[in-house]
Amino acid sequence: MSERSGALGTDSPSADETTTPVVVEQRKPEPAPAEPDVVAPAAAEPDDVVEPGKHDAEPPVRISTRPTARTTGLIPAPGAGILALLALAWFGTTLWVLQREISTSVTDAVAIASAAISLPTVVSASLVAGASAALVAVNLIARAGWTPAASTRWAGALVTSIAVGLLGALGVLVGYDGPGNRVLAATIAAAAVVGGALAGLRPTSVVAAVLSGALAVFAVQFVLNYLDLDGISGASTLAALVAGLVAGLVPFFYLRRVSRRDSTESGPLRWPFYMVTGAGVGLALLVTEAVTRIGGAQVLDAVAALSDYDRAFRAHVDADRLTYTLIVFFVGALTTTIAFGRTLPSKKRV
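This report concerns the structure included in the present document. (Residues numbered from 1 in each chain as written. Predicted model: local features only at pLDDT ≥ 70, side-chain atom pairs only at ≥ 80, totals over all residues. Heavy atoms only, no water.)

### Considerations on the overall build of the chain
Filter applied, for reference: The helix count covers DSSP runs of H or I at least four residues long, the strand count covers runs of E at least two residues long, and both are numbered beginning at the N terminus. Each residue gets one of three labels from its accessible area relative to the maximum for its type: buried under 20%, exposed over 50%, partly exposed in between, using a 1.4 Å probe on protein chains only. In what follows, residue pairs with any heavy atoms lying within 4.5 Å of each other are defined as contacts.
The helix and strand tally for the chain stands at 11 helices and 0 strands. When the helices and strands of the chain are listed from N to C terminus, the series reads α-α-α-α-α-α-α-α-α-α-α. Residues counted as buried form 39% of the 350 residues belonging to the chain. Within the chain, counting contacts between residues at least 6 apart in sequence, those at least 24 apart form 83% of the total.

### Here's the deal with the packing of helix 2 (residues 80-103) against helix 3 (residues 108-142)
Applicable threshold: Note on definitions: angles span 0 to 180 degrees between N-to-C directions of axes, and those axes are lines fitted to C-alpha atoms, for helices only across the stretch in contact. Here the angle decides the label: under 35 degrees means roughly parallel, over 145 means roughly antiparallel, 65 to 115 means roughly perpendicular, and every other value means oblique. Left-handed describes a crossing in which the near helix is turned anticlockwise from the far one by less than a right angle; the clockwise case is right-handed. Classification used: nonpolar for Ala, Val, Leu, Ile, Met, Phe, Trp, Tyr, Cys and Pro, charged for Asp, Glu, Lys and Arg, polar for all others including Gly.
Interhelical geometry of helix 2 versus helix 3 gives an angle of 160 degrees and a closest axis separation of 8 Å. Here helix 3 runs roughly antiparallel to helix 2, going by the angle between their axes. The interaxial crossing formed by helix 2 with helix 3 has left-handed handedness. When grouped by side-chain class, the residues that make up the contact of helix 2 with helix 3 number 19 nonpolar, 8 polar and 1 charged.

### Details of the side chain of Thr187
Quick reminder of the rule: Pairs of N or O atoms within 3.5 Å make up the polar contacts considered here, provided that, within protein, one atom can donate a hydrogen while the other can accept it, and that residues adjacent in sequence are counted only when both atoms are side-chain atoms.
Along the chain, Thr187 falls in helix 5 (residues 181-199). A polar atom in the side chain of Thr187 sits 3.1 Å from the backbone oxygen of Gly295. Residues in contact with Thr187, not counting those within four places in the same chain, are Val123, Val291, Gly295 and Gly296.

### A look at helix 8 (residues 271-278)
Operational definition: By construction, the arc corresponds to the directions joining the helix axis to the C-beta atoms.
Along helix 8, the positions that sit buried rather than exposed are Tyr274, Thr277 and Gly278. Angularly, the buried residues of helix 8 cover 95 degrees about the axis, an arc narrow enough to put them on a single face.

### A few points about the packing of helix 3 against helix 9 (residues 280-295)
Close contact between helix 3 and helix 9 brings their axes to 9 Å; oriented N to C, the two are set at 120 degrees. Classified by the angle their axes make, helix 3 and helix 9 are oblique. Like other packed secondary-structure pairs, helix 3 and helix 9 cross with a definite hand, here right-handed. Contact residues: helix 3 offers Leu119, Pro120, Val123, Ser124 and Leu127, while helix 9 offers Ala284, Val287, Thr288, Val291 and Thr292. A breakdown of the residues in the contact of helix 3 with helix 9 according to their chemical character gives 7 nonpolar, 3 polar and no charged.

### A short note on the pattern of salt bridges
The criterion, for reference: Each salt bridge in this description consists of a side-chain nitrogen of Lys or Arg and a carboxyl oxygen of Asp or Glu lying within 4 Å of one another.
Taken as a whole and judged by the stated rule, the model has 6 salt bridges. For the salt bridge of Arg321 with Glu289, the shortest nitrogen-to-oxygen distance reads 2.7 Å. Here Arg321 is found in helix 11 (residues 308-343), whereas its partner Glu289 is found in helix 9, with 32 residues between them in sequence. Judged by its relative accessible area of 8%, Glu289 falls in the buried class. When salt bridges that share partners are traced, they join Glu289, Arg293, Asp301, Arg314, Asp318 and Arg321 into one network.

### What about the nonpolar core?
Put simply, the rule is: Here, the term nonpolar core denotes a set of buried Ala, Val, Leu, Ile, Met, Phe, Trp, Tyr and Cys residues that are joined through side-chain atoms within 4.5 Å.
In this structure, Phe91, Ile102, Val128, Leu135, Leu184, Leu211 and Tyr254 are the most contacted members of the largest nonpolar core, which totals 55 residues. Here the element with the most residues in this core is helix 3; it accounts for 16 residues. Those residues in contact with Leu211 that lie beyond four places of it in its chain are Leu83, Val128, Ala131, Ser132 and Leu135. The next biggest cluster of nonpolar side chains, apart from the first, holds 10 residues, and it includes Leu285, Tyr324, Ile327 and Val331.

### A few points about the packing of aromatic side chains
Worth spelling out the cut-off: Note on ring pairs: Phe, Tyr and Trp rings are taken, using the six-membered ring of Trp, and paired if centres are within 6.5 Å. Classes follow the plane angle, with under 30 degrees stacked, over 60 edge-to-face and the rest tilted.
What the rule picks out here adds up to 7 aromatic pairs. Relative to Phe222, the ring of Trp90 has its centre 6.5 Å away and its plane inclined at 85 degrees; by these criteria the two rings are edge-to-face. You can see Trp90 sitting in helix 2 and its partner Phe222 sitting in helix 6 (residues 204-227), a full 132 residues away along the chain. Ring centres of Phe252 and Phe253 lie 5.4 Å apart, and the angle between their planes is 65 degrees; this geometry places the pair in the edge-to-face category. Relative accessible area serves as the criterion here: at 6%, Phe252 is assigned to the buried category. By way of ring pairs, the aromatic residues Phe252, Phe253, Tyr274 and Phe340 are connected into one cluster.

Fair warning: the whole summary comes from geometry, so function is off the table for now.
Structural data, given as structure tokens:
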């Protein structure tokens, strides 16, 4: 009979039996179902971050194509080649007219008087032709793709204008072999060189705009003189007003076209540039007047010494020409300023 120990019928294991530990299996709690993997978007640039709801609320931003920053390089002036062709054609026409008037003169006194009358027109045409040809040289330097030094720009402009001046002087010497021909040739050559110096200024678009206005004024003068209308032909006040309007409007439209298409070396053109451009034709006429009176002083004094009538006539013509120049100067500047003001946005009242 087996031995039992314990109380109340509880069996006790025998000594020879192997005691097996009871292992209680603890079930680990099942993990919660994982949410579907979400791929995080790539890090956005600061400019690409869009706030929720902001895209729908605000309209898209339009990028303006108008220049807003200063450009360090030299920007070519559009249409410089066409301006040079027109200016050289006008210069050649004035030289031909001068040679024809001198060659048809009966005496030397009449030849000198004819040369003195035509001298301001030829000098102004020489200045514009020298400046236009020099502007083409400046454009070629700008299209080289590098930023030239100021000395390189001025050298190219002056060399080109000197070539134009020498051609004009040679035309005078060949077409007129009389008293004062060397003075006339030197004055015309000097005017071309002065024009070349003006073409070296920056921005080049302003120089081209002034040249376009000068050529338009030449055309207006030619038409008015050809029509020979009462009160508007020659250097009358009404003719000066018409020329001043043309001298202000033509450069204005040129600059507006350039500002929409290209930038300039000085960034966006502001009001002072427009005002100076409108007054540029008048300034060119003032420079022409100075070159004519200084370079052609010998020819002008020779005409004044012919008689008292010639002296009075010269004083009258000089005064009329100066009045004409000042009217073109002020009317051109005022016209361009008003035209530019009309383009400014009006301020809305609150």
